[in-house]
Amino acid sequence: MTETTQNYYYVESDRDLLKLLFDQLPCQSLEDLLQLLDQKHIASFKDILDYTSGPDCPNDLALTIEVAMDRLRRTDMRRSSDWASSSKIGNYLANKLLGQKQEQFWVLYFDQQQNLLGEKMLFQGTLDRSWVHPREIFRWAVVYGCASIIVAHNHPSGALTPSDNDLELTKGLKKASKIMKITFLDHFIIGGGEYLSLRERELF
């Protein structure tokens, strides 16, 4: 457990969380913060989420931002969405990964009511291959305290047919999820703006 993860468990107020967040930023003034946002091409909350879920954001900072954003979402329960629909999730992922030239591997983390707690791009490969390790997937599952996960990756070629590696990975994640007692809901393959659900095709 990192120092930031430990700090998170002892954060009692939103004020303390914001202090932890700004302590992690290399900024001494508002001007420094604005310069940092310009350097990272961040101009919206969506840009913040994209940066947080990308490979360039330090893990400790990503965790703190995710916790802060989660608290913002929870201030209004109407922001919670029902993600139980396979087609809703598939279309969401298809739009997210449309046009990506490199293979990306994403994980969606859910609570017991199937509300989205967070999402993370954990791996990005060159061309059509990425390296995926279950340890990193379930490390974030523990951080989020989630009840279930969905994984997804894109095929830049546009083909939706799962490879042998895709099927092997899916079986491995299913086994690991039983050990971790975290439900593995599905593995989506994205290509050309379309999606394939391995669960719907009964491939695991």
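Scoring rules and cut-offs
- Residues numbered from 1 in each chain as written.
- Predicted model: local features only at pLDDT ≥ 70, side-chain atom pairs only at ≥ 80, totals over all residues.
- Heavy atoms only, no water.
- Core = buried A, V, L, I, M, F, W, Y, C linked by side-chain atoms within 4.5 Å.
- Buried < 20%, exposed > 50% of the residue type's maximum accessible area, 1.4 Å probe, protein only.
- Helix = DSSP H or I, 4+ residues; strand = E, 2+ residues; numbered from the N terminus.
- Domains from an automatic or database assignment.
- Contact = heavy atoms within 4.5 Å.
- Pairing = 2+ DSSP bridges.
- Axes fitted to C-alpha atoms, helices over the stretch in contact; angles between N-to-C directions.
- Salt bridge = Lys/Arg side-chain N within 4 Å of Asp/Glu carboxyl O.
- Phe/Tyr/Trp six-rings, centres within 6.5 Å; stacked < 30°, edge-to-face > 60°.

(A) Molecular detail of the nonpolar core. Tyr-109, Ile-137 and Ile-149 are the most contacted members of the largest nonpolar core, which has 39 residues in total. Put simply, the parts of the chain that give this core at least two residues each are helix H2 (14–24), helix H5 (59–74), strand S1 (104–110), strand S2 (116–124), helix H7 (134–144), strand S3 (148–154), helix H8 (164–180) and strand S4 (183–191). The biggest single contributor to this core is H5, with 7 residues. Three or more residues apiece are contributed to this core by two domains, here domain 1 (12–72) and domain 2 (84–195). Not counting chain neighbours up to four residues away, the residues in contact with Ile-149 comprise Val-107, Leu-108, Tyr-109, Ile-137, Phe-138, Ala-141, Ile-182, Thr-183, Phe-184, Leu-185 and Asp-186. Ranked by size, the runner-up nonpolar core spans 13 residues in total, among them Ile-89, Ala-94, Ile-150 and Ala-152.

(B) Representation of the sheet that holds strand S5 (residues 194–197) in the model. Taken together, the 5 strands give an open sheet; going across it, the order is S2-S1-S3-S4-S5, and neighbouring strands pair in mixed fashion. In this open sheet, the two strands that pair with only one neighbour each are S2 and S5. Each strand axis lies, on average, 20° off the axis of its neighbour in the sheet, ignoring direction. The sheet contacts of H7 involve S1, S2 and S3, and relative to S2 the element is tilted by about 155°. Against the sheet, H8 engages S1, S3 and S4, with an angle of about 160° to S4.

(C) Region of interest: the pattern of salt bridges. Tallying each qualifying case throughout the model produces 4 salt bridges. Among the ionic pairs, Asp-23 bridges to Lys-19, the shortest N-O distance being 3.0 Å. Residue Asp-23 and its partner Lys-19 are both found in helix H2; the two are separated by 4 residues, about one turn of the helix. On the accessibility criterion, Asp-23 (52% relative accessible area) is exposed. Of the residues examined, Lys-19 reaches a relative accessible area of 53% and is grouped as exposed. The closest approach of N and O atoms between Glu-119 and Lys-96, which form a salt bridge, is 3.4 Å. Here the residue Glu-119 occupies a position in strand S2, and Lys-96 occupies one in helix H6 (residues 86–96), the gap between them amounting to 23 residues. Residue class for Glu-119 comes out buried when judged on its relative accessible area of 15%.

(D) Layout of the packing of aromatic side chains. Evaluated as defined, the whole model comprises 5 aromatic pairs. Between Tyr-109 and Tyr-144 the ring centres are 4.9 Å apart and the planes differ by 35°, which places this aromatic pair in the tilted class. Taken together, the residues Tyr-109 in strand S1 and Tyr-144 in helix H7 connect sequence positions 35 residues apart. Both residues of the pair, Tyr-109 and Tyr-144, belong to the buried class. Centre to centre, the rings of Trp-140 and Tyr-144 are 6.0 Å apart; their planes meet at 40°, and the pair counts as tilted. Placement of both Trp-140 and Tyr-144 in helix H7 is noted, with a separation of 4 residues, approximately one turn of the helix.

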